[in-house]
Structures are given as C-alpha cells and as structure tokens.
Amino acid sequence: MLSLPGVAAFAFCGIAVLASSSAFGEQRTHTVTIEGMSFSPATLHVRRGDKVVWVNKDLVPHTVTASDKSFDSRNIPAGGSWSRTATRKGTTAYVCAYHPTMKGTLIVD
Ligand SMILES: [Cu+2]
C-alpha cells in the first residue's frame, strides 16, 4: 500500500514531462527565404511554439500576409526580415500582399 502513492507520483511526473516536451519543448527557429519573388520553402511544417523567420533577400519589399488574416507582417523591406511564433495549430495559406502570385503555406502541428 505504501508504494502506491510513489507509483502514482512517478506516473504523473512522466506524463507531465511528455506533455511539456510536445507542447512547450525546445523552441526551434525555421527560416523562410524570400528570393526571386517566391517563398522558399513554399510549404513549412513546424511545431506549435516554434519561431519562423522570413528573410527578404530580394531588392523589392514583400509581405507575409495570411489569407485568413491571422497574421500579417506588413512591409518587409529589401534586406529585412520578420518573425513570429507559431501559436495556433493548423494550416494557413499566405501570400505577399504586393505580389499575390507569391504563395506560401505554414503548417503548425
Ligand atoms: Cu512580394
């Protein structure tokens, strides 16, 4: 009988560690390069809590604007960058507001 609380505490601890490593584990940073009027990679797969940096290597400004308006970098000047932390699970398509043929997809698990 005395061992039961110990087992329960150990099990709870294991669950807590698993939960924290999946939802709030080490934050990773992913980079999307904007170059030649396109996003590369066009489709990026990240985990919730990860940081995504868009780097504009073109000589003209661009934006990173979600089709559902959930995020919008506004103007990213030539040579500039913009970052955000992925907080919401799901798939979000985005475009450059200046050049709507530039399309990207952010997938957050
Ligand atoms: Cu653009």
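Student: Where do I start with the coordination of the copper ion in this structure?
Tutor: Tetrahedral metal sites with four donors have an ideal angle of 109.5 degrees; octahedral sites with six donors have ideal angles of 90 or 180 degrees. The protein atoms that coordinate the copper ion are His 62 (ND1), Cys 96 (SG) and His 99 (ND1), at distances of 1.9 to 2.1 Å. Between consecutive donors of the copper ion, the numbers of intervening residues give the motif H-x33-C-x2-H. Here His 62 is found in the loop between strand S4 (51–56) and strand S5 (65–66), whereas its partner Cys 96 is found in the loop between strand S7 (90–95) and strand S8 (103–108), with 34 residues between them in sequence.

Student: Explanation requested: the pairing of strand S6 (residues 81–85) in the structure shown.
Tutor: Successive side chains on a regular strand alternate, one facing one side of the sheet and the next facing the other. With burial as the criterion, only one face of S6 is covered, namely that bearing Trp 82 and Arg 84; the residues Ser 81, Ser 83 and Thr 85 on the opposite face remain uncovered. Bridge count for S4 against S6 is five bridges, and the pairing is antiparallel. In the sheet register, Trp 54 faces S6, and the bridge partner there is Trp 82.

Student: What exactly am I supposed to notice about the sheet that holds S8 here?
Tutor: The pairing of strands in a sheet happens through backbone hydrogen bonds and is either parallel or antiparallel. Pairing is mixed in the open sheet, where four strands are placed in the order S3-S8-S7-S5. Strand pairing shows two members of the sheet lacking a second neighbour, strand S3 (43–46) and S5, which therefore form its edges. Pairing analysis gives four bridges linking S3 to S8, with the strands arranged parallel. Bridge pairing in S8 links His 45 to Ile 107.

Student: Before we go on, may I ask you to explain a nonpolar patch on the surface in this structure?
Tutor: Residues Met 37, Leu 59 and Val 60 make up a contiguous nonpolar surface patch of roughly 310 Å² in combined accessible area. Look at Met 37 and you get partly exposed, because its relative accessible area is 39%.

Criteria and cut-off values
- Residues numbered from 1 in each chain as written.
- Predicted model: local features only at pLDDT ≥ 70, side-chain atom pairs only at ≥ 80, totals over all residues.
- Heavy atoms only, no water.
- Donors = N, O, S within 2.8 Å, 3.2 Å for Na, K, Ca; no water.
- Helix = DSSP H or I, 4+ residues; strand = E, 2+ residues; numbered from the N terminus.
- Buried < 20%, exposed > 50% of the residue type's maximum accessible area, 1.4 Å probe, protein only.
- Pairing = 2+ DSSP bridges.
- Patch = residues over 30% accessible without salt bridge, like charges linked within 9 Å, V, L, I, M, F, W, Y side chains within 5 Å.
- Areas by Shrake-Rupley, 256 points an atom, 1.4 Å probe, with all protein chains shown as cover.
- Salt bridge = Lys/Arg side-chain N within 4 Å of Asp/Glu carboxyl O.

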